[in-house]
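A look at the structure
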Amino acid sequence: MADGRLVIGTRRYSSWSLRGWLSVRLAGLDVEIQALRLAGGGKTVALKTLSPNGCAPYLEHQGIAVWDSLSIAEYCAELTPALWPHDRAARAHARSISAEMHAGFRAVRSALPMNLGRVNRPLAAGLDEDTLRDIARIDAIWTETRDRYGAEGPYLFGATFCNADAAFAPVVSRFASYAVPGLSDVSRAYMRAVQAHPLMRQWADDAAQESQDWQLEMYESLA
Ligand SMILES: N[C@@H](CCC(=O)N[C@@H](CS)C(=O)NCC(=O)O)C(=O)O
């Protein structure tokens, strides 16, 4: 019998769920995955009674309830410390950029919703100033982090795909979906590495199995 469950939303769209799922999988937790169809606009009724904050991802593990993707990342790192870099300075940097991602970049979130079904197609309306500013900051984070800490491998902190990579994984997907311009060569190589990670491929494969009924016009019709 599994040690609990991880509640996630529609894989095609749920960027927060992808983060939580990556941390849980990287930590090797034995939990069942319970996927719910997101209603869009924060109106998924089933989630309101299921998780304390009414949101996915929500983890129950050995009787412990953990909600919010950043808390799930920290919980998983307690069980698997390699989810954060070993070096204290690198770890502080990893936590800082993950927290910045968690708390910010509202323009990117709203202009470029995650949609795994959208491939390399720029927004017809173009990108506004706030979105371009967010993109430039994310590009700077990836480039600086790779330059400072990434020499040993293809991920932000080198050879190990860690919680910081999980935090940015949905952004990688967004940038690829909307063919975002102006990224450094370092960022582009980083995006390819993230997209090629076996867990990212598994998430995409699972998303492709979801019922067409789970697709939402508000995301699919974005020109
Ligand atoms: N800060 C939260 C945000 C979670 C969140 O907003 N999740 C969305 C799905 S991507 C959700 O559950 N929305 C509520 C709903 O659809 O009713 C986290 O990091 O987990």
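For every chain, the first residue of the written sequence is number 1, and numbering continues from 1 onward in sequence order. For this predicted model, a pLDDT threshold of at least 70 governs which residues receive local features, and a threshold of 80 or more governs which side-chain atom pairs are given and counted, while totals over whole chains, interfaces and linings are taken from all residues. Neither water nor hydrogens contribute to the side-chain values; these are computed over all heavy atoms in the structure.

The protein chain carries the name Glutathione S-transferase in an unreviewed UniProt entry, which gives Acetobacter peroxydans as its organism.

This paragraph deals with the pattern of salt bridges. Salt bridge, as applied in this entry: a Lys or Arg side-chain nitrogen positioned within 4 Å of an Asp or Glu carboxyl oxygen. Within this structure, the stated rule accounts for 8 salt bridges. Of the charged contacts, one joins E220 and R12 as a salt bridge, the two residues approaching to 2.8 Å between their closest N and O atoms. Of this pair, E220 sits in helix α10 (residues 217-220) while R12 is found in the loop between β1 (4-9) and α1 (15-26), placing the two residues 208 residues apart along the sequence. Of the charged contacts in the structure, one is a salt bridge between D130 and R133, with a shortest N-O distance of 3.1 Å. Of this pair, D130 and R133 both sit in helix α6 (residues 129-149), 3 residues apart, which is roughly one turn of that helix. Relative accessible area serves as the criterion here: at 49%, R133 is assigned to the partly exposed category. Salt bridges sharing partners connect three or more residues here, namely E129, D130 and R133. Put simply, DSSP H or I for four residues or longer makes a helix, DSSP E for two residues or longer makes a strand, and each gets a number counted from the N terminus. Three exposure classes are used, based on accessible area relative to the maximum for each residue type with a 1.4 Å probe and protein chains only: buried under 20%, partly exposed in between, and exposed over 50%.

Below, the discussion takes up α6. The end-to-end C-alpha distance of α6 is 30 Å, a good match for the 30 Å that 21 residues give at a rise of 1.5 Å each. Within the span of α6, buried status applies to T131, D134, I135, I138, D139, I141, W142, T143, T145, R146 and Y149. Contact criterion: two residues are considered in contact whenever any of their non-hydrogen atoms come within 4.5 Å of each other. Tucked inside the fold, the buried residues of α6 contact α4 (88-103), α5 (106-111), α7 (163-177) and α8 (185-196). With a side-chain oxygen positioned 3.3 Å from the backbone nitrogen of D130, the residue opening α6 is D128. Each residue after the first adds 1.5 Å to the expected span of a helix. Side-chain atoms alone can form a polar contact between residues adjacent in sequence; in general such a contact is a pair of N or O atoms within 3.5 Å, and within protein one must be able to donate a hydrogen while the other accepts it.

Turning our attention to the packing of aromatic side chains. Side-chain rings of Phe, Tyr and Trp (the six-membered ring for Trp) are treated as a pair once their centres are within 6.5 Å; stacked means planes under 30 degrees apart, edge-to-face means over 60, and tilted covers the remaining angles. In total, this model carries 7 aromatic pairs according to the counting rule given. Seen in terms of ring centroids, Y13 and Y219 are 4.8 Å apart; in terms of plane orientation they differ by 45°. Their pairing is tilted. Here the residue Y13 occupies a position in the loop between β1 and α1, and Y219 occupies one in helix α10, the gap between them amounting to 206 residues. Residue Y13 is classed as buried on the basis of its relative accessible area, which comes to 7%.

Here a residue is considered near a molecule or strand provided that any single heavy atom belonging to it is located within 4 Å of it. Taken together, 15 residues surround the ligand, and among them T44, K48, A56, S69 and H102 come closest. Between the ligand and K48, the relevant distance is 2.6 Å, taken from an oxygen atom to a side-chain nitrogen or oxygen of the residue. D68 places a side-chain nitrogen or oxygen 3.0 Å from a nitrogen atom of the ligand. For the shell around the ligand, the per-class residue count stands at 6 nonpolar, 6 polar and 3 charged. Nonpolar residues are Ala, Val, Leu, Ile, Met, Phe, Trp, Tyr, Cys and Pro. Charged residues are Asp, Glu, Lys and Arg, and all others, Gly as well, are polar.

This paragraph deals with the layout of surface pockets. Points on a 1 Å grid, built from protein atoms alone, make a cavity when a 1.4 Å probe fits but cannot get out and make a pocket when they are open with protein on both sides within 12 Å along at least 5 of 7 lines; residues with an atom within 4 Å of a point are the lining residues. Grid points are joined across faces, edges and corners, and a volume is the space filled by probe spheres set on the points. Taken as a whole, the largest pocket holds about 550 Å³ of empty space. What lines the largest pocket is a set of 26 residues, among which S14, S15, W16, L38 and Y219 lie closest to the centre. When residues of the lining of the largest pocket are traced back to their parent elements, those giving at least two are α1 and α2 (45-50). Note that the domain bounds were set by an automatic or database domain assignment. Mapped onto the domain boundaries, the lining of the largest pocket takes at least three residues apiece from domain 1 (4-81) and domain 2 (82-202). Approximately 390 Å³ is the volume attributed to the second largest pocket. Residue assignment for the lining of the second largest pocket shows that the elements contributing at least two residues are α7, α8 and α9 (198-209). For the lining of the second largest pocket, the element with the highest residue contribution is α7, accounting for 5 residues. For the lining of the second largest pocket, a count of residues per class yields 12 nonpolar, 4 polar and 4 charged.

Looking now at the domain arrangement of the protein chain. By the assigned domains, the protein chain splits into domain 1 (4-81) and domain 2 (82-202). A straight line from the C-alpha centre of domain 1 to that of domain 2 covers 20 Å. Counting from both sides, the interface comprises 23 residues of domain 1 and, opposite them, 23 residues of domain 2. Interface area, domain 1 with domain 2, both sides summed: about 2,000 Å², of which 65% is carbon and sulfur. The tally of links between domain 1 and domain 2 comes to 1 salt bridge. R95 is the salt-bridge partner of E74, the closest N and O atoms lying 3.0 Å from each other. The interface formed by domain 1 and domain 2 includes 13 residue pairs in polar contact (both at pLDDT 80 or more). For the side of domain 1 that touches domain 2, the element with the highest residue contribution is α1, accounting for 9 residues. Grouping the constituent residues of the side of domain 1 that touches domain 2 by class yields 12 nonpolar, 5 polar and 6 charged. Using a 1.4 Å probe, buried area is obtained as the accessible area two parts lose upon being combined, added over both of them.

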